[in-house]
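Structural overview for review
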Amino acid sequence: MRPKIVLFGDSITEESFAVGGWGACLANHFSRTADVVLRGYSGYNTRWALRVLDRVLSSVDSPPAALTIFFGANDASLADRSSAFQHVPLHEYRQNLIDLIARIKGRWGTTVIVLLTPPPIDEEARLRDPYGGSTSGLPERTNQSAGLYAESCISAGRDSSVPVIDLWSKMQTIPGWQKAYLRDGLHLTADGNKVVFDELVEALKKEGLSTESLPSDLPLLSEIDPRDPLKSFPDTK
């Protein structure tokens, strides 16, 4: 049976199987070695993720080789703005991540868990695309708030002994990151998706999961003897 890599998160995960999405790229990358399973839920925060966790895990029929946890963009919504119902206080967000990790480890002790911080926020772009058609003239998310939640995500990962991909910092290392990586101030462009893909492939490789370390599913074409092809499939029915 092929190993599985489960992607668990909010809309940035749900959209990851779109053309050029980081999840689709990951599935292509591991096309002969692992199945990538999408469990993305638009609008969800860590409080809701904890509530549905058992159902999500039960939908995966065997312990996966790896699982990503990618929440925080909604938790970091400001408590007094149009997305207030998605807001989760900072201290609770951190504890929710720790609880998610503990429950997943309790169920699947050998699964590699990778945390991803929320990405940065382009506030000007959020004003052009306000949630719920808000006319307040104020963004429902700020980059400062996203940064605080990114720091808490890193802290939760450190205390839980799991690797963390710091997208909030990584994406702000180039000039013009706002337009380069974010299409609406929050969700990812093609280049933004590539950042997530590249960082995740590297993180998984450090944990021993790569196309080099995982066996290919069935013989590769280069391994099949053209003079007697069927001898390459002795145990296949």
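Scroll up to find the structure this text is about.
Residues numbered from 1 in each chain as written. Predicted model: local features only at pLDDT ≥ 70, side-chain atom pairs only at ≥ 80, totals over all residues. Heavy atoms only, no water.

Okay, the overall build of the protein chain next. A tally of helices and strands in the protein chain yields nine helices and five strands. Each helix (α) and strand (β) of the protein chain, taken in turn from the N terminus, gives the series β-α-α-β-α-β-α-β-α-α-β-α-α-α. A compact globule built from 237 residues should have a C-alpha radius of gyration of about 18 Å, and the protein chain, at 19 Å, falls within 12% of that. Each principal axis of the C-alpha distribution contributes one length, and for the protein chain these read about 70 × 40 × 30 Å. (Helix = DSSP H or I, 4+ residues; strand = E, 2+ residues; numbered from the N terminus. Rg over C-alpha atoms; globule rule 2.2 N^0.38 Å.)

Bringing the sheet that holds strand S2 (residues 35–40) into the picture now. One key point about sheets: their strands pair by backbone hydrogen bonds, in either a parallel or an antiparallel sense. Overall, parallel pairing links the five strands, which are arranged S2-S1-S3-S4-S5 in an open sheet. Where the open sheet ends on each side, the last strands, each with one partner, are S2 and strand S5 (164–165). Where strand S4 (residues 112–116) meets S5, two bridges bridge the pair, whose relative direction is parallel. Within the sheet, the bridge partner assigned to Leu116 lies in S5 and is Ile165. (Pairing = 2+ DSSP bridges.)

The interhelical angle for the contact between helix H3 (residues 46–58) and helix H4 (residues 90–107), taken along N-to-C directions, is 10 degrees, at an axis separation of 9 Å. In terms of axis orientation, H3 runs roughly parallel to H4. In this structure, H3 contributes Thr46, Arg47, Ala49, Leu50, Leu53, Asp54, Leu57 and Ser58 to the contact, and H4 contributes Glu92, Tyr93, Asn96, Leu97, Asp99, Leu100, Arg103, Ile104 and Arg107. Partitioning the contact of H3 with H4 into residue classes produces eight nonpolar, three polar and six charged. (Axes fitted to C-alpha atoms, helices over the stretch in contact; angles between N-to-C directions. Parallel < 35°, antiparallel > 145°, perpendicular 65-115°, else oblique. Contact = heavy atoms within 4.5 Å. Nonpolar A, V, L, I, M, F, W, Y, C, P; charged D, E, K, R; others polar.)

In this structure, Ile5, Trp22, Leu26, Leu167 and Leu204 are the most contacted members of the largest nonpolar core, which totals 33 residues. Of all elements in the fold, only strand S1 (4–9), helix H2 (22–29), strand S3 (66–70), S4, helix H8 (177–181) and helix H9 (190–206) reach the threshold of two or more residues within this core. Counting residues per element, this core draws most heavily on H9, which supplies seven residues. Those residues in contact with Leu167 that sit more than four places away from it in its chain are Phe70, Leu116, Thr117, Pro118, Pro119, Pro120, Val195 and Val196. If you look at the next biggest cluster of nonpolar residues, it comprises 27 residues, including Leu50, Ile101, Leu115 and Val162. (Core = buried A, V, L, I, M, F, W, Y, C linked by side-chain atoms within 4.5 Å. Buried < 20%, exposed > 50% of the residue type's maximum accessible area, 1.4 Å probe, protein only.)

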